[in-house]
Structure formats: structure tokens, C-alpha cells
Amino acid sequence: GAPVEVDISTLNPGEMKTVEWRGKPVWILRRTPEMIASLKQTDGKVADAESKRNPAEFTPEYARNEWRSIKPEILVAVGICTHLGCSPSSKFAPGPQPSLPDDWAGGFLCPCHGSTFDLAGRVFKNKPAPDNLQVPRHMYLSDTKLVIG
Ligand code: FES
């Protein structure tokens, strides 16, 4: 599939857009400072905090960090659950929600079997999904232009 160019100049903090790449939904989330800070709190609760599992498939080298991204504020991730391929929903609202981890700062919830992912797409412990959400190959052409693929 051809690479996809995305203009992120209109993406405000806390907003996410979805683009299609190779027939898959790719999420681009501009994280707020609070969202970035929340990753410190989920570090101990996720199964693979440093994205060491199957890194060649799921996390390009430049995203093998706590944010799983090139820029801390921009997450680029394939919106397909690594369990059986359902599409997780996004939940950015803080506060308690039934059946979600306590003090969850928000993230992604797969409706099929309940896997939850933090705001870096890292899967929480003891969930059916074996891996973090895939970070596709991507790079920046400028501050506001991203290429996926
Ligand atoms: Fe997402 Fe099973 S497909 S938890």
C-alpha cells in the first residue's frame, strides 16, 4: 500500500483523527500534557511497558519509549485490537468507569473481550490481547505533516 500523508495542523490537544492506511484504521491522537503524564501512572499496570514484545511487528525503533511515539504528544497507532482484530473504542474521559482499571486516565477499550489499552496503546496486564497496539512506520515531513507507511 502507498504511504498516506496526514495534515495534523488542525488537530487540537485531546483530539484524535482516524485515517485509512492499507485498509486499516490508523489513529492519530494529540495528547495533552495530562495525557502524557498519565503514562507514568500506567507504566506499572501495563503488560509490556517498554514495548519489548514483538518489537519488529508492533513498535518501530523510534517508538520504543514510554510514549510509543516520535513526539511525546502525538500517538500514531493502528486501531485494531491485537487479540482477535476488533476495533477498540476510545475513552478519554478521566474518572471511574465500571469494569475499567481504577484511576484509569482513559485510553482504548476493546468491546469484544475487554482488553484495555492506555493512551500509548499499551495493553493492560491480564487482558486477552497479547501485544500493544501496532505503531505503524511513520515520519514527519514537517511539524504539521506526517507520513504513514
Ligand atoms: Fe479485542 Fe478480543 S478482539 S479483546
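Residues numbered from 1 in each chain as written. Predicted model: local features only at pLDDT ≥ 70, side-chain atom pairs only at ≥ 80, totals over all residues. Heavy atoms only, no water.

### Structural notes on the confidence of the model for the protein
The predicted structure's coordinates, where accompanied by low pLDDT, should not be read in detail.
Then step 1. Put simply, the protein has an average pLDDT of 92, and 93% of its residues get 70 or more.
Then step 2. Considering each helix and strand of the protein separately, the mean pLDDT is smallest for strand β5 (residues 89-91), with a value of 87, and largest for strand β4 (residues 74-78), with 98.
Then step 3. We note a pTM of 0.93 for the whole complex and an ipTM of 0.99 for its interfaces. (pLDDT = per-residue confidence, 0-100. Helix = DSSP H or I, 4+ residues; strand = E, 2+ residues; numbered from the N terminus.)

### Observations regarding the packing of aromatic side chains
Then step 1. Counted under the stated rule, the structure contains 1 aromatic pair.
Then step 2. Between Trp27 and Phe108, the ring centres sit 4.4 Å apart and the planes meet at 20°, which makes this aromatic pair stacked. Of the two residues, Trp27 sits in strand β3 (residues 24-30) while Phe108 sits in strand β6 (residues 107-109), which places them 81 residues apart along the sequence. No difference in accessibility class separates Trp27 from Phe108, as the two residues are buried. (Phe/Tyr/Trp six-rings, centres within 6.5 Å; stacked < 30°, edge-to-face > 60°. Buried < 20%, exposed > 50% of the residue type's maximum accessible area, 1.4 Å probe, protein only.)

### Some words on the nonpolar core
Among soluble globular proteins, nonpolar side chains are generally buried collectively.
Then step 1. Leu29, Phe108, Phe117 and Leu133 are the most contacted members of the largest nonpolar core, which has 16 residues in total.
Then step 2. Ile8, Val19, Trp21 and Ile28 belong to the second-largest nonpolar core, a separate cluster that totals 14 residues. (Core = buried A, V, L, I, M, F, W, Y, C linked by side-chain atoms within 4.5 Å.)

### Points about the environment of Ala49
Then step 1. Residue position: Ala49 is located in the loop between α1 (33-42) and α2 (55-58).
Then step 2. In this view, Ala49 contacts Asp43 and Arg122; residues no more than four positions away in its chain are not counted. (Contact = heavy atoms within 4.5 Å.)

### A short note on the sheet that holds strand β7 (residues 116-117)
Then step 1. The 3 strands are arranged β5-β6-β7 in an open sheet whose pairing can be described as antiparallel. At either margin of the open sheet sits one strand with a lone partner, and together these are β5 and β7. (Pairing = 2+ DSSP bridges.)

### Comments concerning the side chain of Thr82
Then step 1. In this structure, Thr82 sits in the loop between β4 and β5.
Then step 2. Judged by its relative accessible area of 15%, Thr82 falls in the buried class.
Then step 3. Excluding residues within four positions of it along the chain, Thr82 makes contact with Phe58, Phe117, Ala129, Pro130, Asp131, Asn132 and Leu133.

### Observations concerning the pairing of β4
Then step 1. Of all 5 residues in β4, 5 are buried, a share of seventy percent or more.
Then step 2. In β4, alternate side chains face the same way, and those of Ile74, Val76 and Val78 on one face and Leu75 and Ala77 on the other are all buried.
Then step 3. In this sheet, β4 lies alongside β3 in antiparallel orientation, the contact comprising 5 bridges. Among the inter-strand pairings, Trp27 is bridged to a residue of β4, identified as Ala77.

### Thoughts on the environment of Ala2
Then step 1. Within the secondary structure, Ala2 is located in the segment before β1 (4-7).
Then step 2. Taking the C-alpha atoms as reference points, Ala2 and Trp21, separated by 19 residues in sequence, lie 7.9 Å from one another.

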